[in-house]
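Commentary on secondary and tertiary structure
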Amino acid sequence: MIKVMVAEDETLIRKKLVYFPNYEDMGMVVVKEVSDGLAGLNYIINNTPDIIICDINMPKMDGLEMLSKSLDYDYIAIIVSGYDYFDYAKRALKYGVSDYLLKPIDISELEESLRNAKKILEDKRKITLDMIIKDLQLNIGNNNIEDPVVSAMITYINDNYDEKISISDLTNTLMYSESMLNKKFKKEVGITFNEYLNRFRINKAIFYLKEKLYTVAEVSTMCGFSSPKYFSRVFKKYLGFSPTEI
């Protein structure tokens, strides 16, 4: 579900923004409502909502300042304002705002803006996902491996990634200590054995998730993760969003 935050200081308007649009039909859910920009900024920093609906004129911190201080976070913003000022609209565009709606708010117009924001978000994530997949594939390629020991380690990952495995499994077979195996692996591949294993598993997980045939829990097991919770944490580390958002 797309997570929406509403920032509006006027209670009646805020409740209208929270309860009137048909979020469920659009695949969205309101996860937070705040009445001032400072509370909104704190929530963005700690939780990173996907879409933000915000007023400009709010106590403690106005909406544009809130957005300007959170530019490093990946969200789409929609401004709702009683001010029909060109300067405000111009500044809003600089902060990546997808739409600027005037009060009183027309709910059907807001829903159209929300659908547009969702499309922008999905397009951005598709580009990000494609880039990450390419990066993962580059980092798990083994076309130029010259060391037969490292080649054997990569083959072991390819054949057993869906099981609980570690580099210690290979010490007896390959006749090297863990530290020596790690050293040889990193020298040849450029990343550690565990990093390669995680990247390989995440790459496989993306493939399974994109098929839309399995649950996150099933993909977690299929890719050798100890639990769906751990899988989601590792997945978000690499992609920036959860496996349910693929």
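Here goes a summary of the coordinates provided.

The rules behind these values
Residues numbered from 1 in each chain as written. Predicted model: local features only at pLDDT ≥ 70, side-chain atom pairs only at ≥ 80, totals over all residues. Heavy atoms only, no water. Patch = residues over 30% accessible without salt bridge, like charges linked within 9 Å, V, L, I, M, F, W, Y side chains within 5 Å. Areas by Shrake-Rupley, 256 points an atom, 1.4 Å probe, with all protein chains shown as cover. Salt bridge = Lys/Arg side-chain N within 4 Å of Asp/Glu carboxyl O. Helix = DSSP H or I, 4+ residues; strand = E, 2+ residues; numbered from the N terminus. Buried < 20%, exposed > 50% of the residue type's maximum accessible area, 1.4 Å probe, protein only. Phe/Tyr/Trp six-rings, centres within 6.5 Å; stacked < 30°, edge-to-face > 60°. Arc of directions from axis to C-beta. Axes fitted to C-alpha atoms, helices over the stretch in contact; angles between N-to-C directions. Parallel < 35°, antiparallel > 145°, perpendicular 65-115°, else oblique. Contact = heavy atoms within 4.5 Å. Nonpolar A, V, L, I, M, F, W, Y, C, P; charged D, E, K, R; others polar.

**A few points about a nonpolar patch on the surface**
- On the surface, M1, V29 and V31 cluster together into a nonpolar patch covering about 240 Å² of accessible area.
- With respect to the helices, strands and loops of the structure, V29 is situated in strand β2 (residues 28-34).
- A residue is classified by how much of its surface remains accessible, and V29, at 33% relative accessible area, is partly exposed.

**Here's the deal with the packing of aromatic side chains**
- Under the definition given, this model contains nine aromatic pairs.
- Geometrically, the ring pair formed by F225 and F231 is tilted, given 5.0 Å between the ring centres and 45° between the ring planes.
- With a relative accessible area of 6%, F225 lands in the buried category.
- Exposure remark for F231: the relative accessible area of 0% places this residue in the buried category.
- Between F231 and F235, the aromatic rings sit 5.7 Å apart at their centres with planes inclined by 70°, giving edge-to-face as the arrangement. Residue F231 and its partner F235 are located together in helix α11 (residues 228-239), separated by four residues, close to a single helical turn.

**Notes on helix α1 (residues 11-19)**
- Here α1 has its buried residues at R14, L17 and V18. Mapping the buried residues of α1 onto a view down its axis gives an arc of 100°, with all of them on the same face. Exposed positions of α1 whose direction lies more than 90 degrees from the buried face are L12 and Y19.

**Examining the packing of helix α9 (residues 193-211) against α11**
- Contact geometry for α9 and α11: axes closest at 10 Å, N-to-C directions at 95°. As the angle between them shows, α9 and α11 are arranged roughly perpendicular. Listed contacts from α11 to E195, N198, R199, I202, A205, I206 and L209 of α9 are F231, V234, F235, K237, Y238 and L239.
- Residue classes in the contact of α9 with α11 are distributed as nine nonpolar, one polar and three charged.

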